[in-house]
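Each chain, written out:
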Amino acid sequence: MAGRILGDFEGGGFAVSIAFGTLGIAGMFLLAREAFGERAGLLAALLWALLPNAVHTSADVLTEGQFLAFWILAAWAGLSGLNRGSARRMAWAGLLSGLAYLTRAEGLGVPVALGATNGPASSRAVTASPSASGVMSTTPLSAPASLKVPGSKRAATKSVIV
């Protein structure tokens with residue numbers, strides 16, 4: 001869609017990558033701020049913005065920038081949901097990790113980590129089982145990757161958000 005708007009598909013892909021790279025910087029700030037405080041969030045965002053590998057990843061017309069932005073935001077939503085006891089934030093973590101999964105399969109790492117963090121042995125009491133809601137809200141987004149193509153013995157290829 002960005003290619004049609006800009007009239008150049010390579011430029012459109014570059015614009016989408018830059019937008020998701022910028023979103024990843026904001027997500028890194030939110031995640032570090034939630035975990036370590038305001039100053040750490042600013043430092044983490046600055047380092048992420050200047051890290052050569054992160055800059056290269058954000059500028060490539062590939063899916064890594066999108067994946068990292070979704071994954072970092074999912075980790076932030078999950079961590080803040082655990083800290084605040086918010087099932088809504090945990091649902092957002094599931095949704096964002098589902099979008100990360102649709103970009104790359106490693107996106108399911110966030111609900112797995114959150115489930116392990118808030119498992120049965122955890123001392124945190126969070127209402128409405130947010131780890132379950134995070135996994136459940138991921139499931140509908142991961143469904144296209146497991147669908148079978150009619151007349152084929154293989155599963156459909158995973159959807160990629162571009």
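Note: the structure precedes this text.
So, here's what we can say about the structure. Along each chain, residues carry numbers from 1 onward, in the same order as the chain's sequence is written. In keeping with the predicted nature of the model, local features appear solely for residues at pLDDT of at least 70, side-chain atom pairs appear and are counted solely at 80 or more, and the whole-chain, interface and lining totals rest on all residues. With hydrogens and water stripped out, all remaining heavy atoms of the structure feed into the side-chain values.

## Observations regarding the overall build of the chain
Numbered from the N terminus, helices here are DSSP runs of H or I no shorter than four residues, and strands are runs of E no shorter than two. The secondary structure content of the chain amounts to 8 helices and 0 strands. Listing the helices and strands of the chain from first to last along the sequence gives α-α-α-α-α-α-α-α. We call two residues in contact when some of their heavy atoms are within 4.5 Å. Across the chain, every contact between residues at least 6 apart in sequence was considered, and the portion connecting residues at least 24 apart equals 63%.

## Looking at the pattern of salt bridges
One side-chain nitrogen of Lys or Arg within 4 Å of one carboxyl oxygen of Asp or Glu is enough to make a salt bridge. Taken as a whole and assessed by the stated rule, the structure comprises 3 salt bridges. Bridged by salt links that share partners, the residues Glu64, Arg104 and Glu106 form one connected network.

## A word on helix α6 (residues 87-103)
With 17 residues, α6 extends 24 Å from end C-alpha to end C-alpha; this agrees with the ideal 24 Å at 1.5 Å per step. Taken together, the buried positions of α6 are Met90, Ala93, Gly94, Leu96, Ser97, Gly98, Ala100, Tyr101, Leu102 and Thr103. Expected helix span is given by 1.5 Å per residue-to-residue step, counting one fewer step than there are residues. Burial classes follow relative accessibility: with a 1.4 Å probe on protein chains only, a residue under 20% of its type's maximum area counts as buried, one over 50% as exposed, and anything between as partly exposed.

## Digging into the packing of aromatic side chains
Each pair of aromatic rings taken from Phe, Tyr and Trp, with Trp reduced to its six-membered ring, is defined by centres within 6.5 Å and is described as stacked if the planes are under 30 degrees apart, edge-to-face if over 60, and tilted in the remaining cases. A complete count under the given rule lists 1 aromatic pair for this structure. Geometrically, the ring pair formed by Phe20 and Phe70 is edge-to-face, given 5.3 Å between the ring centres and 65 degrees between the ring planes. Of this pair, Phe20 sits in helix α2 (residues 9-36) while Phe70 sits in helix α5 (residues 64-84); the two residues are 50 residues apart in sequence, bridging distant segments of the chain. A relative accessible area of 9% places Phe70 in the buried class. Sitting over the face of the ring of Phe67, Arg104 holds its NZ or CZ atom 4.7 Å from the ring centroid. A ring is considered to have a charge above it if a Lys NZ or an Arg CZ atom is located within 6 Å of its centre and within 35 degrees of its normal.

## Some points on the nonpolar core
Buried residues of nine kinds, namely Ala, Val, Leu, Ile, Met, Phe, Trp, Tyr and Cys, make up a nonpolar core once their side-chain atoms join them within 4.5 Å. Phe20, Leu30, Phe70, Ala77, Leu96 and Leu114 are the most contacted members of the largest nonpolar core, which has 19 residues in total. Of all the elements in the fold, those that place two or more residues in this core are α2, α5, α6 and α7 (109-117). For this core, the element with the most residues is α5, which contributes 8 residues. Leu30 has contacts with Leu73 and Trp76, leaving out every residue within four places of it along the chain. By size, the runner-up hydrophobic cluster in this structure holds 6 residues, among which are Ala32, Trp48, Ala54 and Ile72.

## Details of the environment of Ala35
If you trace the backbone, Ala35 turns up in helix α2. Once the C-alpha coordinates of Ala35 and Asn83 are considered, the two residues, 48 residues apart in sequence, prove to be 9.3 Å apart.

## Some points on the side chain of Glu34
Tracing the backbone shows Glu34 in helix α2. Distance and chemistry together define a polar contact, namely a pair of N or O atoms within 3.5 Å, with one atom able to donate a hydrogen and the other to accept it when in protein, and with adjacent residues in sequence counting only for side-chain atoms on both sides. A polar contact is formed between the side chain of Glu34 and the side chain of Asn83, at a distance of 2.9 Å. Residue contacts for Glu34: discarding those within four places in its chain leaves Trp76, Leu79, Ser80, Asn83 and Arg84.

## Quick word on a nonpolar patch on the surface
By definition, no residue in a patch forms a salt bridge, and every one has over 30% relative accessible area; like charges are joined within 9 Å, nonpolar side chains (Val, Leu, Ile, Met, Phe, Trp, Tyr) within 5 Å. Exposure was quantified through the Shrake-Rupley algorithm and a 1.4 Å probe, taking into account, for residues, occlusion by the shown protein chains and nothing else. Taken together, the side chains of Leu43, Leu46, Leu47 and Leu50 present a nonpolar region at the surface, about 420 Å² in accessible area. Here Leu47 is to be found in helix α3 (residues 38-50).

## With respect to the packing of α2 against α5
Note on definitions: angles span 0 to 180 degrees between N-to-C directions of axes, and those axes are lines fitted to C-alpha atoms, for helices only across the stretch in contact. It is the contact of α2 with α5, at a shortest axis distance of 8 Å, that shows an interaxial angle of 25 degrees. By the criterion of interaxial angle, the relationship of α2 to α5 is roughly parallel. Once α2 is placed against α5, the crossing between them reads as left-handed. Contact residues: α2 offers Val16, Phe20, Leu23, Gly24, Gly27, Met28, Leu30, Leu31, Glu34 and Ala35, while α5 offers Gly65, Gln66, Ala69, Phe70, Ile72, Leu73, Ala75, Trp76, Leu79, Ser80, Asn83 and Arg84. Any angle between 65 and 115 degrees counts as roughly perpendicular, while under 35 counts as roughly parallel, over 145 as roughly antiparallel, and the rest as oblique. Crossing handedness follows the turn of the near helix against the far one: under a right angle anticlockwise gives a left-handed crossing, and clockwise gives a right-handed one.

## Notes on the environment of Thr22
Assignment of secondary structure puts Thr22 in helix α2. Sequence-wise, Thr22 and Trp48 are 26 residues apart; in three dimensions their C-alpha atoms are separated by 9.9 Å.

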